[in-house]
Amino acid sequence: MEGLRNCTTSSSTASTPTFHTLRQARRTALNRVFAAIYSCAILALLYHHALKLIHSTSLASFFISLSLFISDIFLAFMWVTQQSFRMTPVYRSEFPEQLKQVVNESDFPAMDVFICTADPYKEPPISVVNTALSVMAYDYPAEKASVYISDDGGSQITLFAFMEAAKFASHWLPFCRKNNIVDRSPDAYFASNQPWCSETEKIKEMYESMIIKVDDVLERGKVADDYITGEEELTAFTKWTNGFTRQDHPAVIQVLLDNSKDKDISGHLMPSLIYVSREKSRTTPHHFKAGALNALLRVSAVMTNAPMILTLDCDMYSNDPQTPIRVLCYLTDSKIRSTLGYIQFPQKFHGLNENDIYACEYKYMYIVNPLGMDGLSGPDYEGSGCFFCRRAFFGGPSNMISPEIPELNPHHVVVKHIQSQPILELAHEVAGCNFGTGTRWGYKIGFKYGSLVEDFFTGYRLKGEGWKAIFCNPKRPAFLGDVPISLVEVLVQCKRWTIGLIEVIFSKYNPITFGTKTIGLLMGLAYAHYSFWPSWSIPITIYAFIPQLALLNGVSIFPKVSEPWFFLYVFLFLGAYGQHLLEFILEGGTIQRWWNDQRMWMIRGLSCFLFGSLEYFLNCLGISTTSFNVTNKVVDDEQRKKYEQGVFDFGVPSPMLVSLTMSAIINLAALVRGLTEAFMGRKLEEMFVQLFIAGFVVVNSAPIYEAMVLRSDKGRMPIKTTVVSIFLALALYVLFRFTVRN
């Protein structure tokens, strides 16, 4: 970024305008006071549990008291770690228009964009094409931009889709530029209410023609000869031989557009577009997405070596063509540039139904918590919508680690043409499956190995090396992505995160031991809060079953309404939920979405957190139960209709639904039995807390009851799941009753 550095230095002497500002959230002082008060209440609760344990009169009462004590210890730990996000939340603003008045486009740094895809049948190629086209159309010098598509499935269908995209781009890019279009994803643009004209109709026809071709190839499962139009395309597809499989194939690198020579129909240069499928072998670990990103990091270093890198999920298209200029507002600041590792934009989504029934917005993870981390050393890397300084992948700010060959050095200047034979040969070499084996790649250099959540782990490790980060959250979302719209897909995605987070906990980089020492107490606790997400399954499972089973057996385990300890429970419950609701609403949420967010935390605790933890420990015992699963982004019309209507889809059988259904059955039975006993036996005062908990779970389980009893569509709870759940619920009741009586 030498040109940019020189420009910044020279302009600073002439009263450089402000490119960005920072302000602390007004609620900061209130957060700190409340944290002190609430901490005292937690200590009082744990003291109360200790007293009950000491004065237990039977094995059953000891077991119940111990269970609640353990549960509340985990709840207390998660609450304490969450306070790290509330101590110094900040808000930032950027002024890209002022930057463009000072910095010339010729001084902008080069930019490489990484887009990863792995399966054309789960990640529709047209969706990936839209993501690529939206960033190719950035308001950024085309000769300084290169887009790399990582196809980890090694599919000729994906390559064909991008060959067609390269042709369409020659019309789409000048159309966006000429008409000053903001929605530069074709799908988003044509779905919006834009002024229509003959030129628009022509572009739309071209786009629909491309879709038809790609969908036809996808349906056939291969690229037919009638779609191959040139010698270069024919040569590219000859690499797919009979022995070519997604798990075992050579590296394929195809330059589809070259920003030094390829022009659109108006005569302007277009960004480079490069297809990359790294070499894979069944005998060599491939490290999932982190391995694919490291292959892109090496290949791009050889071909373009841009100092600025944007990583994007394949379904996360650009929603603002000014985004790279917004990033430069920070990269031009000499006060922070030397330690600035990355700039993270929040993940936001289009197509969410009105009330976000599956809580896929993740407002806390993508908005509220990053605001808090930004007041410390910066947000975590969220896997998409993140601009990196390439230098950050090669050691800390003051101790650079040199890669194996000089061409991979972040300061190396590429002088040879992108399509020259030496460049292509070296690119294929560094994309080889054995290139990084036994080296520092993935451990000291590049995206970090060791966890299925490579984004979380990479951001965490970069902070440990001394890099800072910035959370950039403009009013117009910089990127918009798709969300899973069936419950099972949501849970499968979260189960993968669970396994990856537990891998971090049981590594030498545990945030409690390693993190607090290297990145400070508050940042260490922030990363610990994420890492220990799976532990939510412990208190949620205990509170979903123990009080209700005790209620079914007429055993009171909480203070009476007339006792002082009762008001402690009331304060702890209302305080936690009230603060959470306030933060949710302040960041643009609604009460209904907040309620669904709370419901989904209960569901995750009883399903994906629980089963993900179980899978991890079974794997540790040598029992293989899991593999990396790509979230399915293909949606059928019936599924979409149910989602838009706000109807839960339980129609896909899964063991994770059994625990949910068991909880719903036991809580409903406990509520009915408890209400009967309370009013007939006048035990409402001593059973009130247990009745409240059972009622709370029953209200949140309304979609489960509906799916079990009322529905007859494909989203109905599978009969087998219901039968198994009833049997297990009865067995659990009998076991608990036997324990209490003995």
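The name recorded for the protein in an unreviewed UniProt entry is Cellulose synthase-like protein G3, from Quercus rubra. Recorded under Subcellular location (unreviewed entry), the UniProt text for the protein is reproduced unchanged: "Endomembrane system".

Draft legend 1. How the structure looks around the sheet that holds strand β8 (residues 317-318). Strand order in the open sheet formed by three strands is β8-β15-β10, with mixed pairing between adjacent strands. The open sheet is flanked by β8 and β10 (348-349), the only strands paired with a single partner. Sheet topology note: the β8/strand β15 (residues 479-481) ladder contains two bridges and is antiparallel. If you follow Ser318 over to β15, its bridge partner there is Phe479.

Draft legend 2. Examining the sheet that holds strand β7 (residues 308-313) more closely. Across the sheet, which stays open at both edges, the eight strands sit in the order β5-β6-β4-β3-β7-β11-β9-β14 with mixed pairing between neighbours. Each end of this open sheet is capped by a strand with a single partner; those strands are β5 (252-257) and β14 (468-471). Between one strand axis and the next, the sheet turns through 20° on average, direction left out of account. Across six bridges, strand β3 (residues 111-117) lies against β7 in parallel orientation. Opposite Ile115, over in β7, you have Leu312 as the bridge partner. Against the sheet, helix α6 (residues 156-179) touches β3, β4 (145-151), β5 and β6 (272-277), its axis set at about 15° to β5. Strands in contact with helix α10 (residues 288-303) are β3, β4, β5, β6 and β7; relative to β3, the strand with the most contacts, it is inclined by about 150°.

Draft legend 3. Seen up close, the pairing of strand β11 (residues 386-389). Here β11 shows two buried faces, one formed by Cys386 and Phe388 and the other by Phe387 and Cys389. Where β7 meets β11, four bridges bridge the pair, whose relative direction is antiparallel. Bridge pairing in β11 links Ile309 to Phe388.

Draft legend 4. Spatial organisation of the nonpolar core. One finds Ile115, Trp172, Met303 and Trp533 to be the most contacted residues of the largest nonpolar core, which totals 212 residues. Take this core: its biggest share by element is 14 residues, from α6. Beyond its immediate chain neighbours, meaning those up to four positions away, Met303 contacts Tyr148, Ile253, Val255, Ile274, Val414, Ile418, Ile423, Leu424 and Ala427.

Draft legend 5. Structural detail: the pattern of salt bridges. Taken as a whole, this structure holds 26 salt bridges when the rule is applied. With a shortest N-O distance of 2.7 Å, Asp152 and Arg278 are connected by a salt bridge. With Asp152 in the loop between β4 and α6 and Arg278 in the loop between β6 and α10, this pair connects stretches of sequence that are 126 residues apart. Because the salt bridges share partners, they merge into one network encompassing Glu164, Lys167, Lys213 and Glu233.

Draft legend 6. Spotlight on empty space enclosed by the protein. Inspection of the entire model under this criterion finds eight cavities of 30 Å³ or more. Reported here for the largest cavity is a volume of approximately 70 Å³. For the largest cavity, the full set of lining residues is Arg599, Met602, Ile603, Leu606, Leu660, Ser663, Val697, Asn700, Ser701 and Ile704. Within the residue set of the lining of the largest cavity, elements represented by two or more residues are α20 (591-606), α23 (656-680) and α24 (684-700). Partitioned by chemical class, the residues of the lining of the largest cavity number six nonpolar, three polar and one charged.

Draft legend 7. Spatial organisation of the side chain of His580. Mapped onto the elements of the fold, His580 is located in helix α19 (residues 564-586). In this structure the side chain of His580 is engaged in a polar contact, spanning 3.0 Å, whose partner is the side chain of Trp594. Among residues more than four places away in sequence, those in contact with His580 are Tyr364, Trp594, Asp597 and Gln598.

Calculation notes
- Residue indices begin from 1 for each chain and proceed along its sequence in written order.
- In keeping with the predicted nature of the model, local features appear solely for residues at pLDDT of at least 70, side-chain atom pairs appear and are counted solely at 80 or more, and the whole-chain, interface and lining totals rest on all residues.
- Calculation of side-chain values draws on the structure's entire complement of heavy atoms; hydrogens and water are dropped beforehand.
- UniProt positions are given in the numbering used here, feature names are shortened, and annotations may be inferred rather than shown by experiment.
- Criterion used throughout: strands pair if DSSP finds at least two bridges between them.
- Under the DSSP-based scheme used, a helix requires at least four consecutive residues in state H or I and a strand at least two consecutive residues in state E, with every element numbered from the N terminus.
- Angles here are taken between N-to-C directions and fall from 0 to 180 degrees, while the axes themselves are lines fitted to C-alpha atoms, restricted in helices to the stretch in contact.
- We call two residues contacting when some pair of their heavy atoms lies within 4.5 Å.
- A simple rule labels every residue: compare its accessible area, found with a 1.4 Å probe on the protein chains alone, to the largest value its type can have, and call it buried under 20%, exposed over 50%, or partly exposed in between.
- The definition of a nonpolar core used throughout is a set of buried Ala, Val, Leu, Ile, Met, Phe, Trp, Tyr and Cys residues joined through side-chain atoms within 4.5 Å.
- We count a salt bridge whenever a side-chain nitrogen from Lys or Arg sits within 4 Å of a carboxyl oxygen from Asp or Glu.
- The pocket and cavity definitions rest on a 1 Å grid over protein atoms only: a 1.4 Å probe that fits but cannot leave marks a cavity, an open set with protein on both sides within 12 Å along at least five of seven lines marks a pocket, and residues lining either have an atom within 4 Å of a point.
- Grid points are joined across faces, edges and corners, and a volume is the space filled by probe spheres set on the points.
- Each residue gets one label: Ala, Val, Leu, Ile, Met, Phe, Trp, Tyr, Cys and Pro are nonpolar, Asp, Glu, Lys and Arg are charged, and the others, such as Gly, are polar.
- Pairs of N or O atoms within 3.5 Å make up the polar contacts considered here, provided that, within protein, one atom can donate a hydrogen while the other can accept it, and that residues adjacent in sequence are counted only when both atoms are side-chain atoms.

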